[in-house]
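Observations on chain architecture
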Amino acid sequence: MAKVLSLWTLIDWIADGLTWVGALPWSTTELSGLGVADLLALFLAGMMAWFFGRHIYLSSVIRRTRRHIPLVIGGQDVRTGATAGCVMPHNHGHKLGHYHKGGEKEVKAAIKAAQKAKKDWAATPFEHRAAILLKAAELLAGRYRSVLNAATMLGQSKNAFQAEIDSACELIDFWRFNAFYLQQLYSEQPESNDGMWNVLEHRPLEGFVFAVTPFNFASIAGNLPTAPALMGNTVVWKPASSAVLSAHYIMAILKEAGLPDGVFNVVNGDKEAVDAILTHPGIAAVSFVGIYDMLRVERSANGAFNIPEFGTVKDKAQFEAMYAYSPYHRVKDGTKYPPMLFLTG
């Protein structure tokens, strides 16, 4: 079956390549002068232009279209009026658009929405949660592929090849493999002897998950929030301020795939937003990618705990409660690592 599928895929690719070459304005004289090697080179060039040309064309469209990216709270677009620019790292003078920034008010609304959605989402059968992620993977593998690749090329300075590997191939794999791993995890049950039935029940965390995603990989930005959500958790997601554009399209894909309102809540922002999230008593875990040094905890003169990148946790009891929760408890050279459950990539 795999060989048959591969054959039909190859035939489809050849047909697409020939269509592209046939559409060029060749004259009879020019074609008659081409050898086999020339035709093969033309075909390969046609295939590459057809595949990667879509990404490049869409990137030019997005480049000319200035977007105003809102927060997403409880399934609703929220515009605060406090904005920052989306710029291309390779051309700081060109703005791709603006994104709205959230503060303490929006953070509280996002957490409230996550808490409201938690009960129904946790009770949703795991195969239904997996189906949403698989649908998102199909959308990304299809008509959203070039869109997200183009946004990644512009917003994160990647060429067509790098974007295809990152925002398309790797993220599709993340979503499909995670759905498979979820099924595998749920199928692992303890043995039962005669007259008894032992069952292992997987429950989501007691609280919401705070996802902090990096600037450099769109695939990681799409994986860090969805992995805990797949297990029944609701998420407050803060994308890197320099990668808001690709995160905007990832959220659009998930919404179209059927993600219920409130399961994902996107809060773009800076230190004010992060402080409000980290000090909330309902936080259960932080899903992030980064080195432990980035999260070292320092005690300031006024007794507050400063967490670089995230902000300041002012309440000592809250910090110690979060810190004690961590299975990754580390102390090195007087530096404490890290509070809460840290789900690192």
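For clarity, every value in this text was computed on a predicted model and none was experimentally measured.

**Some details on the overall build of the protein**
Of the regular secondary structure elements, the protein holds 11 helices and 15 strands. The 345 residues of the protein split such that 45% are buried. Long-range contacts, defined here as pairs at least 24 residues apart, represent 72% of the contacts in the protein between residues at least 6 apart. Surface accessibility of the protein: about 18,000 Å² in total, with carbon and sulfur atoms responsible for 59%.

**Re the sheet that holds strand E5 (residues 91–100)**
Spatially, three strands are ordered E1-E5-E4 in an open sheet, and the strand pairing comes out mixed. Edge positions in the sheet fall to strand E1 (67–69) and strand E4 (83–88), since each of these pairs with one other strand and no more. Strand after strand, the sheet turns through a mean of 45° between neighbouring axes, direction not considered. On top of the sheet, helix H9 (residues 244–256) reaches E1, E4 and E5; it is set at about 75° to E1, its chief contact.

**Remarks on the pattern of salt bridges**
Summed over the entire model, instances satisfying the criterion amount to seven salt bridges. Among the ionic pairs, Arg143 bridges to Glu256, the shortest N-O distance being 1.9 Å. Taken together, the residues span a long stretch of sequence, with Arg143 in the loop between helix H5 (126–141) and helix H6 (145–155) and Glu256 in helix H9 at a distance of 113 residues. Residue Glu256 is classed as partly exposed on the basis of its relative accessible area, which comes to 37%. For the salt bridge of Glu164 with Arg145, the shortest nitrogen-to-oxygen distance reads 2.6 Å. Linking Glu164 in helix H7 (residues 160–187) with Arg145 in helix H6, this pair joins segments that are 19 residues apart in sequence. Across the pair, exposure class does not vary: Glu164 and Arg145 are buried alike.

**A word on the environment of Thr152**
As for its position among the elements, Thr152 is in helix H6. It is 7.7 Å that separates the C-alpha atoms of Thr152 and Leu245, two residues lying 93 residues apart in sequence. Contacts of Thr152, omitting those with residues within four sequence positions, involve Ser157, Lys158, Ala163, Asp166, Ser167, Ala218 and Ser246.

**Some points on the side chain of Lys238**
If you trace the backbone, Lys238 turns up in strand E7 (residues 235–238). For Lys238, the contacting residues outside a window of four places in its chain are Phe210, Ala211, Val212, Thr213, Val267, Gly269 and Val274.

**A look at the nonpolar core**
Most often, soluble globular proteins keep nonpolar side chains buried together rather than apart. Residues Trp175, Trp237, Ile250, Ile253, Leu254 and Phe264 are the most contacted members of the largest nonpolar core, which totals 47 residues. Among the elements that take part in this core, H9 stands out by supplying eight residues, more than any other. Aside from chain neighbours lying at most four places away, what touches Trp175 is Leu133, Leu134, Ala136, Ala137, Leu140, Gly222, Thr226, Ile250, Ile253 and Leu254. In this structure, Ala110, Ile277, Leu278 and Ile283 belong to the second largest nonpolar core, which totals 20 residues.

**Quick notes on the pairing of strand E6 (residues 208–212)**
Counted residue by residue, E6 has five buried out of five residues, so it is predominantly covered. As paired elements, E6 and strand E9 (residues 283–288) share five bridges and run parallel to each other. Directly across from Phe210, in E9, lies its bridge partner Val286. Note that the unit made of E6, helix H8 (residues 218–230) and E7 has a crossover that is right-handed.

**A look at unusual backbone geometry**
Residues other than glycine predominantly adopt negative phi, and peptide bonds predominantly adopt the trans conformation. In this model, Ser157 sits at a positive phi of 55°, which is unusual for a non-glycine residue. Its location among the elements puts Ser157 in the loop between H6 and H7. For Ser157, a relative accessible area of 34% translates into the label partly exposed.

**Some details on the packing of aromatic side chains**
Per the counting criterion, the structure on display carries four aromatic pairs. Measuring from centroid to centroid gives 4.7 Å for Phe126 and Tyr186, while their planes differ by 10°, and the two rings are stacked. Here Tyr186 lies in helix H7 and Phe126 lies in helix H5, a separation of 60 residues in the sequence. Under the relative-accessibility criterion, Phe126 is labelled partly exposed at 26%. The exposure class assigned to Tyr186 is buried, which follows from its relative accessible area of 19%. Ring geometry for Trp237 against Phe264: centres 6.0 Å apart, planes inclined by 70°, an arrangement best described as edge-to-face. Placement of the pair is Trp237 in strand E7 and Phe264 in strand E8 (residues 264–266), with a sequence separation of 27 residues. Both residues of the pair, Trp237 and Phe264, count as buried. Feature note: the residues Phe177, Phe180 and Tyr181 constitute an aromatic cluster, connected by ring pairs.

**Focus on the confidence of the model for the protein**
In the predicted model, the protein carries a mean pLDDT of 76, and 65% of its residues have values of at least 70. Within the protein, strand E13 (residues 330–332) has the poorest average pLDDT of any element, 40, and strand E2 (residues 71–73) the best, 97. With pLDDT under 50 throughout, residues 291–313 is counted as low confidence; its partners more than four residues away or in other chains account for 65 contacts. Low pLDDT (under 50) marks residues 321–345, which in the prediction has 61 contacts with non-local residues, meaning those over four places away or in another chain.

Criteria and thresholds
Residues numbered from 1 in each chain as written. Predicted model: local features only at pLDDT ≥ 70, side-chain atom pairs only at ≥ 80, totals over all residues. Heavy atoms only, no water. Helix = DSSP H or I, 4+ residues; strand = E, 2+ residues; numbered from the N terminus. Buried < 20%, exposed > 50% of the residue type's maximum accessible area, 1.4 Å probe, protein only. Contact = heavy atoms within 4.5 Å. Areas by Shrake-Rupley, 256 points an atom, 1.4 Å probe, with all protein chains shown as cover. Pairing = 2+ DSSP bridges. Axes fitted to C-alpha atoms, helices over the stretch in contact; angles between N-to-C directions. Salt bridge = Lys/Arg side-chain N within 4 Å of Asp/Glu carboxyl O. Core = buried A, V, L, I, M, F, W, Y, C linked by side-chain atoms within 4.5 Å. Right-handed = clockwise from strand over helix to strand, strands pointing away. Phe/Tyr/Trp six-rings, centres within 6.5 Å; stacked < 30°, edge-to-face > 60°. pLDDT = per-residue confidence, 0-100.

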